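Inside the fold
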Amino acid sequence: MFQPLLEAGLRQTMQRLVRPMLSNAVPLKLQRQLIRQAYRSSVPPRSARFVRDDLGDVPVVRTTATATPSGTILYLHGGGYIIGSASTHRGITGHLAKLSGCEVITPDYRLAPEHPFPAALDDAESVYLALISQGLSANSLALAGDSAGGGLSIALAMKLRDHKHPLPSSITCFSPWVDLSQGALYQPEREPVLQESWTANAARMYAGDTPLTTPLVSPVYGQLDNLPPLLIQVGSEEILLNDATRLADIAKRDGVATRLEIYNNLWHVFQVHCGQLDRATEAVQVAADHVRAHLAS
């Protein structure tokens, strides 16, 4: 009985508090401040430890929840490429570290509009290659990300493949944003988090002078062949549902081992409620299992 009430309460919180923040009527500087406060409700497990570091000249946060991590996850945070940080996502990365037994590394990649495409992608690549140069095997490294970070994880894998770099063992995407042209947005009966006008504005700020259908901006317009096994999770109550299903279809078309999970009656990146909402915890456990299944033994 408690969980349905909690789910309803969290949905109302997203609808009444978070969604109004993500509005073009709110100055971007204020959006960034407000979203930092909103993410305080996403609480990491007590066992999680956070250490700041620098990899490839990019600031990162290293997250561990076990004494001897069994692998590494490079986690790319969401926020439409214009808000969010490694700090805002400590809840989800902390739980992912605990459930996977891995170290989670979250870059503070540069944000638009101050730093448009390809700044975020370049930063993500720099961190990945720094890990490889330090001797980390690509087979022991996984990619993951939410929303814009989910799209960025796919774009990073595509760029690594095209430049003949070793690919990660797997990719996990929570509510990935993979079509910034927004040509096929889903129209749910209710959308507790995102506003189409806000994501459209964020897309323009991120892409700058680059066409929105450029594959490294919007991966659904690219070729995904030879990418590692892919897990996609999405809620049924979000405008990015079609992004997730299209990504899965294209990945399968191109021969990528792909698993798509649609969580009925849940919203954009509901996994941030891991540790509180049972269905969110179960979803992150599935993601952790996906990561572990493909790590080098």
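Above: the structure in question.
To start, this report covers the structure provided alongside it. Residue numbers restart at each chain and count upward from 1, following the sequence in its written direction. Local features are withheld for residues below a pLDDT of 70 in this predicted model, meaning they are given only at 70 or higher, and side-chain atom pairs are given and counted only at 80 or more; totals for whole chains, interfaces and linings count all residues. Note that water and hydrogens are dropped before the side-chain values are worked out from all heavy atoms of the structure.

Helix and strand labels come from DSSP, where a helix needs a run of H or I of at least four residues and a strand needs a run of E of at least two; each type is numbered from the N terminus. Regarding its fold elements, the protein chain presents 8 helices and 8 strands. A compact globule built from 297 residues would reach a C-alpha radius of gyration of about 19 Å, and the protein chain, at 17 Å, matches this within 12%. Exposed residues in this analysis have more than 50% of their type's maximum accessible area, buried residues have under 20%, and partly exposed residues fall in between, with area computed by a 1.4 Å probe over protein chains only. In the protein chain, which comprises 297 residues, the proportion classed as buried is 59%. Two residues form a contact once any of their heavy atoms are found within 4.5 Å. Taking all contacts inside the protein chain whose residues are at least 6 apart in sequence as the whole, residues at least 24 apart take part in 78%. Approximately 11,700 Å² of the protein chain is accessible, and the part contributed by carbon and sulfur atoms is 52%. Each charge sign in the protein chain was given a centre, from 25 positive and 27 negative side chains, and these centres are 6 Å apart. Note that the radius of gyration is over C-alpha atoms, with the globule rule given as 2.2 Å times the number of residues to the power 0.38. For the area figures, the Shrake-Rupley method with a 1.4 Å probe applies, and any residue is considered shielded solely by the protein chains shown. When charges are tallied, Lys and Arg are placed among the positive residues and Asp and Glu among the negative ones, while His and the ends of the chain are skipped. By convention, the point assigned to a charge is CZ for Arg, NZ for Lys, CD for Glu and CG for Asp.

The working definition used for a salt bridge is a side-chain nitrogen of Lys or Arg within 4 Å of a carboxyl oxygen of Asp or Glu. Summed over all chains, the structure comprises 17 salt bridges. K159 is paired through a salt bridge with D122; the nearest N and O atoms lie 2.9 Å apart. Remark: D122 occurs in helix α4 (residues 119-133) and K159 occurs in helix α5 (residues 148-162); sequence separation between them is 37 residues. Among the residues examined, K159 registers a relative accessible area of 12% and is labelled buried. Given a relative accessible area of 26%, D122 falls into the partly exposed group. In this structure, the salt-bridge partner of E125 is K159, at a minimum N-O distance of 2.9 Å. Placement of the pair is E125 in helix α4 and K159 in helix α5, with a sequence separation of 34 residues. For E125, a relative accessible area of 11% puts it in the buried group. Taken together, the shared-partner salt bridges in this structure form one network comprising E7, R11, R190, E237 and R279.

Attention now moves to the sheet that holds strand β7 (residues 230-235). Two modes of strand pairing occur in sheets, parallel and antiparallel, and in both the strands are linked by backbone hydrogen bonds. Strand order in the open sheet formed by 8 strands is β1-β2-β4-β3-β5-β6-β7-β8, and the pairing between neighbours is mixed. At either end of the open sheet lies a strand with only one pairing partner, and these are β1 (49-55) and β8 (258-263). On average, each strand axis in the sheet is inclined to that of its neighbour by 20°, with strand direction left out of account. Where β7 meets β8, 6 bridges bridge the pair, whose relative direction is parallel. Each bridged residue has a counterpart across the sheet, and for V234 the counterpart in β8 is I262. Packing of helix α3 (residues 90-100) onto the sheet brings it into contact with β1, β2 (58-64), β3 (72-76), β4 (103-107) and β6 (171-174), and relative to β3 it is tilted by some 160°. Pairing between two strands requires that DSSP report at least two bridges joining them. Orientation is described by lines fitted to C-alpha atoms, with helices fitted over the stretch in contact, and by angles between N-to-C directions that extend from 0 to 180 degrees.

With that settled, consider the pairing of β4. The element β4 is extensively covered by neighbouring structure, given that 5 of its 5 residues are classed as buried. Taking every second residue as pointing to the same face, both faces of β4 are buried, with E103, I105 and P107 on one and V104 and T106 on the other. Note: β2 against β4, 4 bridges, orientation antiparallel. Bridged to T63 within β4 is V104.

The geometry of α3 relative to helix α8 (residues 278-294) is characterised by a closest axis approach of 9 Å and an angle of 55° between their N-to-C directions. By the angle between their axes, α3 is oblique relative to α8. The chirality of how α3 crosses α8 is right-handed. Each of H95, L96, L99 and S100 in α3 lies in contact with α8, whose residues at this interface are T281, V284, Q285, A288 and R292. Classification used: nonpolar for Ala, Val, Leu, Ile, Met, Phe, Trp, Tyr, Cys and Pro, charged for Asp, Glu, Lys and Arg, polar for all others including Gly. For the contact of α3 with α8, a count of residues per class yields 4 nonpolar, 4 polar and 1 charged. In this scheme, roughly parallel covers angles under 35 degrees and roughly antiparallel covers those over 145, while 65 to 115 is roughly perpendicular and the rest are oblique. The hand of a helix crossing depends on one turn: near helix anticlockwise from the far one by less than a right angle means left-handed, and clockwise means right-handed.

This paragraph deals with the side chain of D243. Considering the arrangement of structural elements, one finds D243 in helix α7 (residues 241-253). R246 is the oppositely charged side chain nearest to the buried, salt-bridge-free D243, at an N-O distance of 4.7 Å. Of note is the side chain of D243, whose polar atom sits 3.0 Å from the backbone nitrogen of D179. Residues in contact with D243, not counting those within four places in the same chain, are P176, W177, V178, D179 and L185. Identification of polar contacts relies on pairs of N or O atoms within 3.5 Å, with a donor-acceptor requirement for protein atoms, meaning one able to donate a hydrogen and the other able to accept it, and with residues adjacent in sequence counted only if both atoms are side-chain atoms.

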